[in-house]
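# Close look at the chain arrangement
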Amino acid sequence: MTDEPAEIAAETPAVPAEAERTDGNRIVPNVSGTLPPEEVARITTDLIGALKTVYDPEIPVDIYELGLIYKVDLDDNRNLTIDMTLTAPGCPVAGEMPGWVENAALGVEGIQDVTVNMVYDPPWDQSRMSEEAQVALNWW
């Protein structure tokens, strides 16, 4: 997987259909349409970089490559809403991980506010991981 920006679309489904996803963890932000496409692309690239700094402490792979980010909404005021999950509902860092993600996303230039929602539907499974994550964990 490369660090190229994820595909950007003005209107996208909340979670891309399985057939539309190439690696199980692409970020395709829902945007309202008044932000310039170049700015949305920059924010997306920077957000992916920020999310790649957050790790599940029990797994040596970042949350982006693990496929824990399900949905990202970016509004006209540059507020982000991120829906994410955990590898298991009983994860010991369930209470802390949203704060880590919020802090990382707030570091992206231009972002005003971040809300992180923890969701468990659909449940996470190994198919959401990128090839990079599978290689790092020897899950081939």
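Here's a quick rundown of the structure. (Residues numbered from 1 in each chain as written. Predicted model: local features only at pLDDT ≥ 70, side-chain atom pairs only at ≥ 80, totals over all residues. Heavy atoms only, no water.)

This paragraph deals with helix α3 (residues 97-106). All of the buried residues in α3 are M97, P98, V101, A104 and A105. Summarising the axial view, the buried residues of α3 lie within an arc of 130°, below the 170-degree limit, and thus occupy one face. (Buried < 20%, exposed > 50% of the residue type's maximum accessible area, 1.4 Å probe, protein only. Helix = DSSP H or I, 4+ residues; strand = E, 2+ residues; numbered from the N terminus. Arc of directions from axis to C-beta.)

Next up on the list: helix α1 (residues 37-51). Under the 1.5 Å per step criterion, the end-to-end length of α1 is 21 Å for 15 residues, consistent within 8% with the ideal 21 Å. Every buried residue belonging to α1 is among E39, V40, I43, T44, L47, I48, A50 and L51, and all of these are buried. End-on view of α1: buried residues confined to an arc of 165°, all on one side of the axis. (Expected span 1.5 Å × (residues − 1).)

One finds I63, L66, L80, M97 and V101 to be the most contacted residues of the largest nonpolar core, which totals 36 residues. Among the elements of the structure, α1, α2 (63-66), β2 (69-74), β3 (79-84), α3 and β4 (113-118) are those that each provide at least two residues to this core. Considering each element in turn, this core owes the most residues, six residues, to α1. The contacts of I63, once residues within four sequence positions are left out, are L51, V54, Y55, D56, L68, I69, M97 and V101. (Core = buried A, V, L, I, M, F, W, Y, C linked by side-chain atoms within 4.5 Å. Contact = heavy atoms within 4.5 Å.)

Geometric descriptors of this kind do not, in isolation, establish any biological role.
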